[in-house]
Amino acid sequence: MISAEKVDKLEADKKVKVTATVEGKEVSKVDVTVKPAAALKEVKATAKTTQVAQGASTVVRVVPTDQYGNVVAELVKDTNITLATGSSFEIPSSGVKAVEEGDKTVGYDVTIKTVDEVKPGKSTVEFKVTKDDATASAKVDFTVVEAIEAIGSVEIKEVEGLQNAAPEDGVKLEAIVKDKDDQVLEVTTDDLKWSITGVKDAKGNALTLTEDPAGTYKVTLADKEEVTLTITDGVLKTGGSESLKGLTIDVAVQVETANFKTAETTVTITDEALAYKEGFKIEKAFEGKVTDATKAKEVKVENNTIEITDEATQAVTLTFTGTDQYGDIFGITEGVTADKTSSLATEAGDKLSITLADDTKLEDLQTITITSTTGEDGEVYISYGKERLVLNVKVSASVKAIAEAKAAIKALPAADAVTVADAAAIQAARDAFDKLTSDQQKKVTATKLTDAETALGKVKTAKGNLETAINTVSFTLKGETVAAGDTITIGDNVYLVVANETNVGAVDKDVKYATVDQATTLFNAIKAAKLVAEATDKTETQYKAEQDKLDKVEVTKGAIVVFTEAVEAQVGTK
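So, how was this worked out
- Residues numbered from 1 in each chain as written.
- Predicted model: local features only at pLDDT ≥ 70, side-chain atom pairs only at ≥ 80, totals over all residues.
- Heavy atoms only, no water.
- Helix = DSSP H or I, 4+ residues; strand = E, 2+ residues; numbered from the N terminus.
- Buried < 20%, exposed > 50% of the residue type's maximum accessible area, 1.4 Å probe, protein only.
- Contact = heavy atoms within 4.5 Å.
- Areas by Shrake-Rupley, 256 points an atom, 1.4 Å probe, with all protein chains shown as cover.
- Expected span 1.5 Å × (residues − 1).
- Core = buried A, V, L, I, M, F, W, Y, C linked by side-chain atoms within 4.5 Å.
- Pairing = 2+ DSSP bridges.
- Polar contact = N/O pair within 3.5 Å; in protein donor to acceptor, adjacent residues only side chain to side chain.
- Phe/Tyr/Trp six-rings, centres within 6.5 Å; stacked < 30°, edge-to-face > 60°.

### Brief notes about the overall build of the protein
Here's step 1: Counting its regular elements, the protein contains 9 helices and 37 strands.
Here's step 2: By the burial criterion, 38% of the 574 residues in the protein qualify as buried.
Here's step 3: Counting contacts in the protein only where the partners sit at least 6 residues apart, residues at least 24 apart contribute 57% of the total.
Here's step 4: Taken as a whole, the protein presents about 32,100 Å² of accessible surface, with 48% of it coming from carbon and sulfur.

Put into structure tokens, the structure is as follows:
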């Protein structure tokens, strides 16, 4: 028994004695110090950049922690995180987003924007965090500048690729603006002008490009048909993938700042389906890496073959690496749903099962878990379009034994459905389980097996009881049905069948009698019970139900005895 010292009031940093006793004897005593409940203690704030143009926004990572160093989670974002009064910045609506890693909150990304009346110069922003009755804050120094004076250079970064079979989804380009000291500077969208400066076909030939007043571009293809292009705030789109007709075009994009600094990049647009270029090759020697994600190490793959050796899971988790013809990781692009043409397809037979990783995480796009379901070797097919990789999956002897035991036990019927016919399957499952080592048996749940064994014993008993009840009665018939002159043997007593009670005739007083009706009822009951008793596909409940029916015919047996005694009294001694 474990007991603690009784205290009138539980206070922080108070020591409480905890005592462990066995059969009234003290065996251990320790002092336990009560620590205060977790509460907000401090805040750290880190800015993406400390130079912000008038009217622009930036993001600050705010990390509130308690006295134990843990991040304070579950904040009501727009209420618990605010800026001090009089700040030169403000938090726009929905400007606070929790940053999650796995199932834990590691901080909050806070978007701040300069207020309309802010003037160039130094500005200190205080981030205030409140939780329950505690408040903590952190300050970040910013420099607000006039964009046209501060911008020193600009470059273009591709954020989301357009090289896929749905170019109408668009490519997101980002302008990275820096000041004259080469420090990143946040500017407004009004400080940037995006435009398309030229288009070429796959052979490098310049195509005719025109722009209308609304900012829409028209590209004339070789067959005189036109493709529509637009670029808004760095997002380049086509009018629809069908307009390219299998062609590939290179689009030159330019961004210009308010003080006429420029940067250019070329974006390739195509409706050609993605295909593997590097990595594993379809139905040839496996040339890419296959990594066991659960063990974070490379798995040996030879001749497109891999072996499952993990006894605990009977599975292996693999990550396939490869690139498409544009040099990008081949798989589902982040944010693109699995039914897009860039997705991988997997399939396996009934010997193996496949579980796909969460396809919303870029690092898991080409990850699958292959599990042995029967202990047999099998094949996994990984395909894209008309191309298919065949991966041979071998199962180690130990995993095979565990999987076979699991499969045999899983195939057993529920306890209430067990019949004599299941005896062989139950024994096979028992044999498969017993041949495992004690450590391997711990990896197999055998409850269904033991329940089936118990149920089988009960079924055999119920079947035997029914057979015993049947064998206590026998008939000697002249024909196929009961008639006068037949006899019935019940235990040690023999009964003569007579037509009816009034047609007894001169009889010996020691002869026992039964009528045709009485004997027929008993005969039919025995006949039906035999059919059930001889069957091996009946459950314990079905055997017992049939015995209950037979037991009710005991009334007929009793009536026979009563009738016989009445006849003896009537006819007397011969």
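### Here's the deal with helix 4 (residues 423-434)
Counting along an α-helix, one turn takes 3.6 residues, and residues three or four places apart therefore face a common direction.
Here's step 1: Its 12 residues place the ends of helix 4 16 Å apart at the C-alpha level, agreeing with the 16 Å of an ideal helix rising 1.5 Å per residue.
Here's step 2: Taken together, the buried residues of helix 4 touch helix 3 (397-410), helix 5 (438-441) and helix 6 (447-471).

### Overview of the nonpolar core
Here's step 1: Phe127, Phe142, Trp194, Leu229, Leu236 and Val251 are the most contacted members of the largest nonpolar core, which totals 59 residues.
Here's step 2: It is strand 12 (residues 134-145) that contributes the most residues to this core, 7 residues altogether.
Here's step 3: In contact with Val251, other than residues within four places in its own chain, are Ile196, Gly198, Val199, Leu229, Leu236, Thr265, Thr266, Val267 and Ile269.
Here's step 4: Core analysis: the second largest hydrophobic core is formed by 24 residues, Leu466, Ile488, Ile526 and Val553 among them.

### A word on the sheet that holds strand 7 (residues 81-83)
The strands that make up a sheet pair up through hydrogen bonds in the backbone, lying either parallel or antiparallel.
Here's step 1: Here 5 strands make up an open sheet; going across it, the order is 7-11-12-5-15 and the pairing mixed. Each end of this open sheet is capped by a strand with a single partner; those strands are strand 7 and strand 15 (185-186).

### A word on the environment of Gln440
Here's step 1: Considering the arrangement of structural elements, one finds Gln440 in helix 5.
Here's step 2: Here the alpha-carbon distance between Gln440 and Glu311, two residues 129 residues apart in the chain, equals 7.5 Å.
Here's step 3: Contacts of Gln440, omitting those with residues within four sequence positions, involve Glu311, Ser398 and Ile402.
Here's step 4: Side chain to side chain, Gln440 and Glu311 meet in a polar contact 3.4 Å long.
Here's step 5: There is a polar contact of 3.0 Å between the side chain of Gln440 and the backbone nitrogen of Thr437.

### Details of unusual backbone geometry
Here's step 1: Backbone geometry at Asp132 places phi at a positive 55°, although glycine is not the residue there.
Here's step 2: Positioned with a positive phi, Phe260 is a non-glycine residue whose angle comes to about 70°.
Here's step 3: Note that Phe260 resides in the loop between strand 21 (248-257) and strand 22 (262-270).
Here's step 4: Taking relative accessible area as the criterion, Phe260 reaches 64% and is therefore assigned exposed.

### Observations regarding the packing of aromatic side chains
Here's step 1: Here the structure, examined in full by the defined rule, presents 2 aromatic pairs.
Here's step 2: Measuring from ring centre to ring centre gives 5.2 Å for Phe89 and Phe142, while their planes differ by 40°; the resulting arrangement is tilted. Highlighted residues: Phe89 in strand 8 (residues 89-90) and Phe142 in strand 12, separated in sequence by 53 residues.
Here's step 3: Here Phe89 falls in the buried class, since its relative accessible area comes to 3%.
Here's step 4: For the pair Phe475 and Phe523, a centre-to-centre distance of 5.2 Å together with 85° between the ring planes defines the contact as edge-to-face.

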